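Read off the chains here:
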Amino acid sequence: MHDIDYKELTTLYAREKIEADSKSLRIERSPEEFRYVIYARKSNKNEKMRSGEDQVLNSIERQIKECQNSFKNLNIVAEFYEVVSARKSNSNKREEFSKMIKGFKTGEYDGLIALMPDRLSRNMKDAGEIIDLLDSNKIKDLRFSRYTFTNDTNGKMALGIQFVLAKTYSDNTSEHQKSTNESLIKKGKVARNYKLGYKLKEKSHIPDPPHFETIQEAFKMSLQGKTLNEIASYMNSKRIGLYEESKKQYKTKVITNQRASSILNDTFYTGLLVYNSQIVDLTSNKFKNLFVPAVSFEDFIKSKEKRDPNKYHSRKLKRASTTALRGLCICAYCNKAMAVYKSKGQSQVRFLRAECKTKDCQRSKAVKIAREEDGIKYTVSVRARIILDHLAELLNKSSLDDVKLLDSLKAIALKELKNKLSSAESCYTRLEEEIIQMTTNLSDNQNLRASLDDNDPSKKYLIQQINQLAREIDESTKELNNCERKIINYKELIKNSSDLVNSKNVSNIFKKSALMLQSEPQEHLIQQILKTFFSNITLDARGIASVKVKHPYDLAIKTRDSLMVGRQRLEL
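An account of the accompanying structure is given in this report. Predicted, not measured: the structure shown is a model, and the values here were computed from it.

So, on to the sheet that holds strand S1 (residues 36-42). Spatial ordering of the open sheet is given by S2-S1-S3-S4, a layout of 4 strands whose pairing is parallel. For this open sheet the edge positions go to strand S2 (76-83) and strand S4 (141-144), each flanked by a neighbour on one side alone. Neighbour to neighbour, the strand axes of the sheet diverge by 20 degrees on average, direction disregarded. Note that S1 and strand S3 (residues 111-114) share 4 bridges and pair parallel.

Right, here's the structure in full:
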């Protein structure tokens with residue numbers, strides 16, 4: 001018998017695999033056989049038609065037509081279009097986009113056509129999905145009527161940059177709009193009319209009779225105890241609406257019970273305009289008392305009490321809580337964080353207190369026992385001022401004799417500087433690469449513009465792109481120079497890091513921190529100091545049971561000798 005040559009047999013299998021792979025490559029279809037889809041999108045915030053090339057962006061029909069004309073020889077089997085913003089990834093809102101992506105994943109479609117990259121996405125999640133489908137060959141061909149894409153490494157990188165630029169443009173537009181709105185709100189003005197009963201005059205609210213009287217009557221009905229259904233029916237009978245300046249006519253609004261409730265709960269009608277975190281008093285002298293409120297503050301609160309007496313009682317409104325000691329005070333009996341709130345004592349002076357709100361906590365029983373044993377009137381809640389004074393005393397009595405403390409602080413400072421340097425260097429590299437790519441794109445667009453006729457409709461679009469790229473290059477260059485200055489500064493600080501931390505500097509930090517805790521500065525400063533030095537403060541029936549100090553400050557702050565001092569000072 002002949003011996004089997006296993007090496008030769010394995011080589012045969014390898015050759016068969018090569019032939020099978022080459023065969024599959026030979027049967028790969030050409031682009032003419034691909035099944036293409038067109039995707040068109042316009043933002044729901046950008047529906048107003050504008051002049052020039054922007055009209056194409058504001059029209060689904062024009063986008064589809066331009067894509068069809070640009071690729072007449074391709075097999076287009078479907079069209080997807082929707083009116084939705086692509087700034088944030090939301091599959092529930094971008095239904096057509098999700099259907100299209102699913103079609104590529106299941107192999108129903110081969111090629112994708114769009115006007116520009118920003119029509120597909122203005123957020124990095126959806127952009128990443130497009131690039132991932134290109135990498136996995138689910139999207140075999142990607143074409144744009146106003147952008148040249150090559151399906152290779154450099155082409156995907158350039159496409160990624162286009163997605164980033166689209167996101168940046170969208171974010172900048174959003175930030176600009178937000179800044180503009182905030183600036184208007186501070187002046188007591190708005191960009192558009194959105195409050196029933198008022199209309200805009202030079203972007204300021206003025207009463208709009210008879211709708212203004214309808215709003216006033218709605219509040220009177222609420223004070224009389226009328227139901228939301230009755231109030232909504234009355235407002236609908238008066239055909240209340242908003243005045244549309246662009247159309248010079250009123251648009252009647254259907255008032256549901258929910259909308260009636262929103263109107264009656266809106267502080268705007270008292271003169272307090274709320275926008276995000278801003279509250280602007282339109283009735284103040286700053287606005288020359290031009291605003292006419294529809295309801296007084298007193299009647300506004302009374303109407304809320306009428307609708308829900310348990311929730312909106314003027315004498316039971318919750319006081320604003322503080323964040324200074326939140327999460328820092330621990331109950332010794334249930335080992336959970338204590339609530340920190342503001343309350344009034346017998347002298348009507350507001351105090352900041354820490355109190356355990358945990359159900360079935362044994363703290364109240366422990367306080368009663370401690371009262372009987374010591375004959376001292378301990379309380380369930382602990383005044384925050386006493387806690388802060390005790391912590392300030394610990395900082396003042398800190399000892400800097402331990403050499404390990406300074407070494408540890410030097411190491412922390414050096415590590416923080418190195419992290420900042422690394423972050424600045426990464427930022428510098430990223431900006432440098434972006435500027436190179438944007439400069440290349442700018443040069444390409446300028447060359448393309450020069451080759452086009454003056455009557456070519458694409459020329460106006462190219463000019464817009466060139467101007468936008470020039471502005472972005474200028475902004476990125478400024479950021480790059482700023483990063484360079486930071487890098488030089490951090491390197492200099494690291495070089496002289498041994499001089500940053502010494503006994504005198506650390507001693508001053510401890511003393512200044514103690515002084516701030518005693519002088520009641522802004523809450524965020526107190527919080528910053530406490531989170532720097534202390535992990536938590538455990539409170540028992542008699543006061544401070546223990547103070548846990550963070551490392552390496554525990555080498556300087558000794559808590560054992562001062563625990564009883566803290567307990568005595570907690571007597572109220």
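This paragraph deals with the state of the cysteines. Following the criterion strictly, the structure yields 0 disulfides and no others. Unpaired in this structure, Cys331 has its nearest cysteine sulfur neighbour in Cys361, at a distance of 3.7 Å. The cysteine Cys334 is free of any disulfide, with Cys356 supplying the nearest cysteine sulfur at 3.5 Å.

This part takes up helix H3 (residues 60-70). Note that an α-helix has 3.6 residues per turn; residues three or four places apart therefore point the same way. Taken together, the buried positions of H3 are Ile60, Gln63, Ile64, Glu66 and Cys67. For H3, the angular spread of buried residues about the axis comes to 165 degrees, placing them on one side. The exposed residues of H3 that point more than 90 degrees off its buried face are Glu61 and Lys65.

Time to look at the sheet that holds strand S11 (residues 329-331). Taken in spatial order, the 3 strands make up an open sheet running S11-S15-S16, and their pairing is mixed. Taken across any chain shown, the strands that pair with only one partner, and hence form the sheet edges, are S11 and strand S16 (543-549). Taking the axes of each pair of neighbouring strands and ignoring which way they run, one obtains an average angle of 30 degrees across the sheet. Against the sheet, helix H13 (residues 384-396) contacts S11, strand S15 (534-540) and S16, and its axis sits at roughly 130 degrees relative to S15.

An ideal rise of 1.5 Å per residue puts 18 Å on 13 residues; H13 measures up with 18 Å between its terminal C-alpha atoms. Most of H13 sits out of view: 12 of its 13 residues are buried. Listed in full, the buried residues belonging to H13 are Ala384, Arg385, Ile386, Ile387, Leu388, Asp389, His390, Leu391, Ala392, Glu393, Leu394 and Leu395.

Bringing the packing of helix H9 (residues 228-237) against helix H10 (residues 257-264) into the picture now. Look at H9 against H10: their axes get within 9 Å of each other, and the N-to-C directions meet at 95 degrees. Judged on the interaxial angle alone, H10 and H9 are roughly perpendicular. Facing H9, whose interface residues are Leu228, Asn229, Ile231, Ala232 and Met235, H10 presents Asn257, Ala260, Ser261, Ile263 and Leu264. By residue class, the composition of the contact of H9 with H10 is 7 nonpolar, 3 polar and no charged.

Once that is clear, we can look at the nonpolar core. Soluble globular proteins tend to pack their nonpolar side chains together in the buried interior. In this structure, Leu391, Leu517, Leu530, Phe534, Leu539 and Ile557 are the most contacted members of the largest nonpolar core, which totals 40 residues. Broken down by secondary-structure element, the contributors of at least two residues to this core are S11, H13, helix H14 (403-451), helix H16 (503-519), helix H17 (523-533), S15 and S16. Residue contributions to this core peak at 7 residues, all from H13. Setting aside residues no more than four positions away along its own chain, Ile557 makes contact with Leu394, Leu395, Ser398, Phe510, Phe533, Phe534 and Val549. If you look at the next biggest cluster of nonpolar residues, it comprises 25 residues, including Tyr198, Phe291, Ala294 and Val295.

Applying the stated rule across the entire model yields 15 aromatic pairs. Note on Phe104 and Tyr109: the rings are 5.9 Å apart at their centroids and 70 degrees apart in plane angle, and the pair reads as edge-to-face. In this structure, Phe104 and Tyr109 share a single accessibility class: buried. For the ring pair Tyr198 and Tyr269, a centre distance of 6.1 Å and an interplane angle of 40 degrees mean the geometry is tilted. With Tyr198 in strand S5 (residues 198-201) and Tyr269 in the loop between H10 and strand S9 (272-275), this pair connects stretches of sequence that are 71 residues apart. By relative accessible area, Tyr198 is classed as buried at 1%.

What counts, and where the lines are drawn
- Residues numbered from 1 in each chain as written.
- Predicted model: local features only at pLDDT ≥ 70, side-chain atom pairs only at ≥ 80, totals over all residues.
- Heavy atoms only, no water.
- Pairing = 2+ DSSP bridges.
- Helix = DSSP H or I, 4+ residues; strand = E, 2+ residues; numbered from the N terminus.
- Axes fitted to C-alpha atoms, helices over the stretch in contact; angles between N-to-C directions.
- Disulfide = S-S within 2.5 Å.
- Buried < 20%, exposed > 50% of the residue type's maximum accessible area, 1.4 Å probe, protein only.
- Arc of directions from axis to C-beta.
- Contact = heavy atoms within 4.5 Å.
- Expected span 1.5 Å × (residues − 1).
- Parallel < 35°, antiparallel > 145°, perpendicular 65-115°, else oblique.
- Nonpolar A, V, L, I, M, F, W, Y, C, P; charged D, E, K, R; others polar.
- Core = buried A, V, L, I, M, F, W, Y, C linked by side-chain atoms within 4.5 Å.
- Phe/Tyr/Trp six-rings, centres within 6.5 Å; stacked < 30°, edge-to-face > 60°.

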